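# What the coordinates show
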Amino acid sequence: MPRPAAGGRIGVLLGAMTLAEKIGQLTMQTADMAISGPGGLTSEYLDAVRAGGVGSMLNLWGAGRVRELQRIAVEETRLGIPLLFGFDVVHGHRTVFPVPLAEAAAFDSDLWERTARAAALEAAADGLSLTFAPMLDVARDPRWGRIVEGPGEDPLVARRFAAAKVRGFQGGDLAAHGSIAATAKHLVGYGAALAGRDYAQADISERELREVYLPPFADAVAAGAAAIMPSFNDLAGVPMTAHRPLLRDLLRGQWGFDGVLISDYNAIAELVQHGVAADFAEAAALALEAGVDIDMMAGAYTQGLPAALERRRIDVALVDEAVLRVLALKERLGLLDDPFGRGVEPSPGPEKAHRALAREAARRSLVLLKNDADVLPLREGARLAVIGPLADAPGEMRGSWYGAGPAEETVSILQGLRAALPEGSLVHARGVAIDGEGPEDIAAAVAAARAADIVLLCLGEAAAMSGEAACRAEPGLPGRQEELAEAVLAAGRPVVLLLACGRPLVASRIIARSAAVLVTWFPGSEGGHAVAEVLRGRANPSGRLPVSWPVATGQIPIFFARRPTGRPADPELHYTSKYLDVPTEPLFPFGHGLSYGRFALEDLRCSAGEVAAGGRLDIEVDLANEGTVAGLQTVFLFIRDPVASVARPVLELKGWQTAWLEPGDRTTLRFELPADELAFLGPDLAPLLEEGGIEILAGPSADRSLLLSTSVRVAKDREH
Ligand code: GLC
């Protein structure tokens, strides 16, 4: 985006502004329709809007309400500058799609873009012009509640997710009435919070910062993200809200990002709690110097900037620069020409097409972890006992950050099954509450299990047990659910465990004793229908884990792209990197996910045995459906650099391909691997393509024992 021309229309506007009006444009005010930070709901903002003291709102939507407030801004303020309306449209607006961690399991950029596009249309119809999404924080610690909100543990998945979501939200023309500005968040390292505790410090090596946590944001900027939100955490002692080297020097200076930086909720004021600012004036100065344009709900700019200017702590030129960027965004959104373009009467209910898309996305996000003796799909006529607190919990199916999606428009697992099965096919018993002591009737649940052919045991978390400020030191089955599971398992019928969760749950004992395990995550508005389709075999599960699934909490953080160590784990050797009490490998690896089909992979081959700088490898592998069920199969491409000038991960994800195969079909999957994808950051953190052997691997997951492999050489660079 070109740097705002100070001489254009917005420059003229700036020239007419008082200091208070300039600071007003840098102030974002919450309203009374959702709570997303301390301080809660408020409707005390009309006077501030009329006085030109607010430039943007959050947590207010609905065409009528937006138009009325926009009218006040345009007609009753001195300069008539329209407001931006922002909201957390993270995985849907009125139609709720699967939570992002679930949608990541589809490994499908096209799907990710389509759901963002649908969400943008619904949000814009409700008068919104900006979303605080996509959330791009790589996360490898399931204790951290916000793992639910992002694309999982791998930077390549996060990079592709970033680009797809920005394209989907912003569309081809940001001024279009169906487009909303995307805010890539939270820059950076938020998912590496100490001990998985939200808002806690993050200490990341420069290498990990550049190889893992920053790349998704670089791709969001490259895709044209209109805004970015710094994260709450400090990074090696410097709070991101005041991190000049990363926000001003790297983001704006090197990457050329000229969009708007929106602080997180109250984050500028919290620089005082971080212990880097003595008061609001210093906090405001630090944030503005770092390049943060909009103060979300801190009041730090309103209260602190006049004093900072008074003290000559900062120059008004920094204020003007920020105001120009905010006005430039409003201009790009078409708000200066057409302030009422977004928001159609009446706010449309979830469109039919979006419901179908929500069902498709939910189907694609379900991950079948195990299926002993092919207990799934359910056989026709089987008598079912649908047991557990997540069976009939429609509101929970929305997950956290569910936007404007009404619980009553969300389909529970029980409702989905009842709609799909003949009358009398099932009995339902809740058994216990999701968490806490609550009313329980385990005996009735056991009785229902005994009377059935098969049990569908619906366990997991409440939606509010993941998301912001929802971290769990023991991310297992909450409340008395384990007790219910043990009792139901003791009834002796085959148990299909369905896990509604915002993170991989540590439930190894129950998982081991269940015949099948289907992760539903929080599947959104159409979740119940999608689950019923997969359980009945009307849809073949194809979701794959975007995160490693731990055996035990003590393994956390756990992820596949770890470095080898000098003493790789060997249970036979004492002095190796392992635990005495649990395995070092996850219960289920990144990429794991079963299908009702049976697929075979063979003959991995490269177009050449050697590749030089500037060259490209064309890699092929044959995939066959040797089963009797058609399905979608995803094959991952990894590399391993066994000897390099720095230790490289035991596996690095370099791509994936997905193919639909009918029974008996065969196909060849093709990957293009440019030589620079074999480069890495050398000891000096500069990109380095090093001569030597590289292992190329392909397979269904990061389980090395299932991967085909071949090797190529990176030729010596002739130019040196
Ligand atoms: C919250 C979240 C952020 C969200 C913002 C506005 O604190 O950290 O992700 O977009 O406030 O709701």
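Rules of the game
Residues numbered from 1 in each chain as written. Predicted model: local features only at pLDDT ≥ 70, side-chain atom pairs only at ≥ 80, totals over all residues. Heavy atoms only, no water. Near = heavy atom within 4 Å. Polar contact = N/O pair within 3.5 Å; in protein donor to acceptor, adjacent residues only side chain to side chain. Areas by Shrake-Rupley, 256 points an atom, 1.4 Å probe, with all protein chains shown as cover. Salt bridge = Lys/Arg side-chain N within 4 Å of Asp/Glu carboxyl O. Helix = DSSP H or I, 4+ residues; strand = E, 2+ residues; numbered from the N terminus. Buried < 20%, exposed > 50% of the residue type's maximum accessible area, 1.4 Å probe, protein only. Pairing = 2+ DSSP bridges. Axes fitted to C-alpha atoms, helices over the stretch in contact; angles between N-to-C directions. Parallel < 35°, antiparallel > 145°, perpendicular 65-115°, else oblique. Contact = heavy atoms within 4.5 Å. Nonpolar A, V, L, I, M, F, W, Y, C, P; charged D, E, K, R; others polar. Lys, Arg positive; Asp, Glu negative; His and termini not counted. Left-handed = near helix turned anticlockwise from the far one by under 90°.

## A look at the site of the ligand
The environment of the ligand is made up of 14 residues, and the closest members are Ser-36, Asp-88, Arg-146, His-186 and Asp-264. Ser-36 places a polar side-chain atom, nitrogen or oxygen, 2.6 Å from an oxygen atom of the ligand. Between Asp-88 and the ligand, the recorded distance is 2.5 Å, taken from a side-chain N or O atom to an oxygen atom. Considered on its own, the ligand offers 310 Å² of accessible surface; in the complex 100% of this is hidden by protein.

## A look at the pattern of salt bridges
Using the criterion set out here, one finds 60 salt bridges in the structure. Among the ionic pairs, Arg-379 bridges to Asp-453, the shortest N-O distance being 3.7 Å. Of this pair, Arg-379 sits in the loop between strand E11 (367-371) and strand E12 (384-387) while Asp-453 sits in the loop between helix H17 (442-450) and strand E14 (454-460), placing them 74 residues apart in sequence. Relative accessible area serves as the criterion here: at 54%, Arg-379 is assigned to the exposed category.

## Quick look at the sheet that holds strand E10 (residues 295-296)
Taken in spatial order, the 8 strands line up as E9-E6-E5-E4-E3-E2-E1-E10 in an open sheet, and their pairing is parallel. Strand pairing shows two members of the sheet lacking a second neighbour, strand E9 (260-261) and E10, which therefore form its edges. Alignment of strand E1 (residues 27-30) against E10, held across 2 bridges, turns out to be parallel. Within E10, the residue paired with Thr-27 across the bridge is Asp-295.

## Here we look at the packing of helix H8 (residues 206-213) against helix H9 (residues 215-222)
Put simply, H8 and H9 touch, their axes get as near as 5 Å, and they point 45 degrees apart. The orientation of H8 relative to H9 falls into the category oblique. Facing Leu-209, Arg-210, Glu-211, Val-212 and Tyr-213 of H8, the residues of H9 in contact are Pro-215, Pro-216 and Phe-217. Grouping the amino acids of the contact of H8 with H9 by side-chain chemistry returns 6 nonpolar, no polar and 2 charged.

## Here we look at the side chain of Asp-198
Within the secondary structure layout, Asp-198 lies in the loop between strand E5 (181-187) and H8. Within the buried core, Asp-198 has no salt-bridge partner, and the shortest N-O distance to an opposite charge, that of Arg-146, equals 4.7 Å. Among the polar contacts listed, one links the side chain of Asp-198 to the backbone nitrogen of Ala-469, at a separation of 2.8 Å. Contacts of Asp-198, omitting those with residues within four sequence positions, involve Trp-144, Arg-146, Tyr-190, Glu-468, Ala-469 and Cys-471.

## Some words on unusual backbone geometry
A cis amide bond links Leu-376 with the next residue in sequence, Pro-377, at an omega value of 0 degrees. Inspection of the secondary structure assignment puts Pro-377 in the loop between E11 and E12. Despite not being glycine, Leu-685 shows a phi value in the positive range, around 65 degrees. Within the fold, Leu-685 resides in the loop between strand E23 (680-681) and strand E24 (687-688). A relative accessible area of 23% places Leu-685 in the partly exposed class.

## Digging into the packing of helix H6 (residues 109-125) against helix H7 (residues 155-170)
Between H6 and H7, the shortest axis-to-axis distance is 7 Å and the interhelical angle comes to 35 degrees. Here the hand of the crossing between H6 and H7 comes out right-handed. In this structure, H6 contributes Ser-109, Trp-112, Glu-113, Thr-115, Ala-116, Arg-117, Ala-119 and Ala-120 to the contact, and H7 contributes Val-157, Arg-160, Phe-161, Ala-164, Lys-165, Arg-167, Gly-168, Phe-169 and Gln-170. Within the contact of H6 with H7, the residues separate by chemical class into 8 nonpolar, 4 polar and 5 charged.

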